[in-house]
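# Geometric and topological summary
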Amino acid sequence: MSRAKLEWLMALEMLRFSRRHLRYAKVALALYLIGIKVGRRAYVARLGFVFLQVIDDLLDGDRACAIEPHDEIAGLVSRAELGRFDLARPLDRIGAGLWVELGKGSAGEEGVAKTLDLIRVMMRDRKRVMNGEIWSEQELRGHHRETFENSLDLTLIALESPLRARDATATMDLLGWCSTMRDLKEDLQKGLSNVPKEVAPGAAIEVGWLKNPSGGAWIEREDDRAAELLRLAETQLHELRGRPGRGVFTMFVKSIASFHVRRLNF
């Protein structure tokens, strides 16, 4: 499939994401604007973002799926592992384009492996909903670190940066915190609990619980943890001065810091 056709397909998906939430419009704008500076690498980043966001939407139930979303994505993973995408499917066409572009870079094999790892991690969230699983704090933090380590690494690989998530670990944990707190109510309504089982009994982990004293105390502790992580992230960013790819970490940390301030002033 030509780049022009893939760009059109991605633009339609970006529009669909943006109609659901303004933050996706901001991400789309950033991904197009960085193309002025980094050229083809921004195209690879757009392919990766759209491919993974559509998968996330399907697994979250944010778009219709003819079969159980977990089974749909499991089929996609099987095809992707073999490099035999079904080009009759729009999502497979984007995936095939991503595989081709990743193969042109020096870290192509790592990029493909990281993409597949991230999809498998995302599939675990669907299983959590299907099985009504409530995880411990340690399990949740480990899960979020794995999610955002892969996600950050993919962004850095797409931009051909030598940096990886392990070079600024606080950003990983901040992304996990931000994702949890930003989507907490929505996720609970979908049956996905990112509230650790240590802080509330399973039966009480629902939207109403967040207004209880125990829920409020947990949220306050999480906000305090984010403040500590932001301080650590600034220190780590200082240590990365002059390194290609540092801007990726800076962008995320600034965005999360702004979100943290809004939460505290709400």
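Residues numbered from 1 in each chain as written. Predicted model: local features only at pLDDT ≥ 70, side-chain atom pairs only at ≥ 80, totals over all residues. Heavy atoms only, no water.

## Topic: the overall build of the protein
Our working definition: To qualify as a helix, a DSSP run of H or I must reach at least 4 residues; to qualify as a strand, a run of E must reach at least 2; elements of each kind are numbered from the N terminus. Throughout, the radius of gyration refers to the C-alpha atoms, and the reference size of a globule is 2.2 Å times the residue count to the power 0.38. Here the term buried applies to any residue with accessible area under 20% of the maximum for its type, exposed to any over 50%, and partly exposed to those in between, with areas from a 1.4 Å probe on protein chains only. Whether two residues are in contact is decided by their heavy atoms: any pair within 4.5 Å suffices. Working definition of accessibility: Shrake-Rupley area with a 1.4 Å probe, residue cover restricted to the visible protein chains.
Counting its secondary structure elements, the protein contains 12 helices and zero strands. Reading the helices (α) and strands (β) of the protein from amino to carboxyl end gives α-α-α-α-α-α-α-α-α-α-α-α. Against the compact-globule benchmark of 18 Å for 266 residues, the protein has a radius of gyration of 19 Å, which places it among compact chains. The principal-axis extents of the C-alpha atoms in the protein amount to approximately 55 × 50 × 30 Å. Residue burial in the protein is summarised as follows: out of 266 residues, 47% are buried. In the protein, once contacts between residues fewer than 6 apart in sequence are set aside, the share between residues at least 24 apart is 68%. Carbon together with sulfur atoms contributes 54% to the accessible area of the protein, which is approximately 13500 Å² in total.

## What to know about unusual backbone geometry
Glycine aside, residues mostly have negative phi angles, and peptide bonds mostly take the trans form. The residue Glu-160 is not glycine, and still its phi comes out positive at about 60°. The class of Glu-160 is partly exposed, set by a relative accessible area of 43%.

## Considerations on the packing of helix H2 (residues 22-33) against helix H4 (residues 40-60)
This is how the line gets drawn: Each axis is a line fitted through C-alpha atoms, and for a helix only the stretch in contact is used; angles between axes span 0 to 180 degrees, taken between their N-to-C directions. Every angle not falling under 35 degrees, over 145, or within 65 to 115 is termed oblique; those three ranges are roughly parallel, roughly antiparallel and roughly perpendicular. The nonpolar class holds Ala, Val, Leu, Ile, Met, Phe, Trp, Tyr, Cys and Pro. Asp, Glu, Lys and Arg form the charged class, and all remaining residues, Gly among them, are polar.
As a packed pair, H2 and H4 sit with axes 9 Å apart at the nearest point and diverge in direction by 155°. Between H2 and H4, the crossing angle belongs to the class labelled roughly antiparallel. In contact with Tyr-24, Val-27, Leu-31 and Tyr-32 of H2, H4 contributes Ala-42, Ala-45, Arg-46, Phe-49 and Gln-53. Considering only residue class, the contact of H2 with H4 consists of seven nonpolar, one polar and one charged.

## Topic: the pattern of salt bridges
Note the following rule: Criterion for a salt bridge: a side-chain nitrogen of Lys or Arg within 4 Å of a carboxyl oxygen of Asp or Glu.
Counting across every chain of the model gives 27 salt bridges. A salt bridge links Glu-72 to Arg-89; the shortest N-O distance between them is 2.9 Å. In this pair, Glu-72 is assigned in helix H5 (residues 69-82) and Arg-89 in the loop between H5 and helix H6 (90-103), connecting sequence segments 17 residues apart. Between Glu-81 and Arg-120 there is a salt bridge, with the nearest N and O atoms lying 2.5 Å from each other. One end of the pair, Glu-81, is in helix H5; the other, Arg-120, is in helix H7 (residues 108-131), and 39 residues separate them in sequence. Given the relative accessible area of 46%, Glu-81 is considered partly exposed. Salt bridges linked by common partners bring Glu-13, Arg-20, Asp-57 and Arg-63 together as one network.

## Quick notes on helix H11 (residues 213-239)
Put simply, the test is: One less than the number of residues in a helix, times 1.5 Å, gives the span that helix is expected to have.
With 27 residues, H11 ought to run about 39 Å at 1.5 Å a step, and its terminal C-alpha atoms sit 40 Å apart, in line with that. Along H11, the residues classified as buried are Gly-215, Trp-218, Ile-219, Glu-222, Asp-223, Arg-225, Ala-226, Leu-229, Leu-230, Ala-233, Gln-236 and Leu-237.

## Description of the environment of Gln-53
Position of Gln-53 among the secondary structure elements: in helix H4. According to the relative accessible area criterion, Gln-53 is buried, its value standing at 9%. Spatially, the C-alpha atoms of Gln-53 and Met-14 are 9.4 Å apart, while their sequence positions differ by 39 residues. Apart from residues no more than four positions distant in its own chain, Gln-53 is found in contact with Phe-17, Arg-20 and Tyr-24.

## Looking at the packing of H4 against H7
Spelled out, the test is: Crossings are assigned a handedness: left-handed for a near helix turned anticlockwise from the far helix by less than a right angle, right-handed for a clockwise turn.
As a packed pair, H4 and H7 sit with axes 10 Å apart at the nearest point and diverge in direction by 15°. In terms of axis orientation, H4 runs roughly parallel to H7. The two elements H4 and H7 cross, and the hand of that crossing is right-handed. Touching Phe-51, Leu-52, Ile-55, Asp-56 and Leu-59 of H4 are Thr-115, Leu-118, Ile-119, Met-122, Met-123 and Arg-126, all from H7. Across the contact of H4 with H7, the residue classes break down as eight nonpolar, one polar and two charged.

## Some remarks on the environment of Gly-132
Along the polypeptide, Gly-132 turns up in the loop between H7 and helix H8 (137-158). For the pair Gly-132 and Gly-191, spaced 59 residues apart in sequence, the C-alpha to C-alpha distance is 7.0 Å.

## A closer look at the confidence of the model for the protein
Formally: In predicted models, pLDDT denotes the confidence assigned by the predictor to each residue on a 0 to 100 scale.
Looking at the protein as a whole, its pLDDT mean stands at 92, while 98% of the residues score no less than 70. Within the protein, the lowest mean pLDDT, 82, falls on helix H3 (residues 35-38), and the highest, 97, falls on H5.

## Structural notes on H8
The first and last C-alpha atoms of H8 sit 31 Å apart over 22 residues, in line with the 32 Å expected at 1.5 Å per residue. Within the sequence span of H8, burial applies to Leu-140, His-143, His-144, Thr-147, Phe-148, Asn-150, Leu-152, Asp-153, Leu-154, Leu-156, Ile-157 and Ala-158. Looking at the buried positions of H8, the neighbouring elements they touch are H4, H6, H7, helix H9 (169-182) and helix H12 (246-265). Just downstream of H8, Glu-160 is the residue with a positive phi angle, here 60°.

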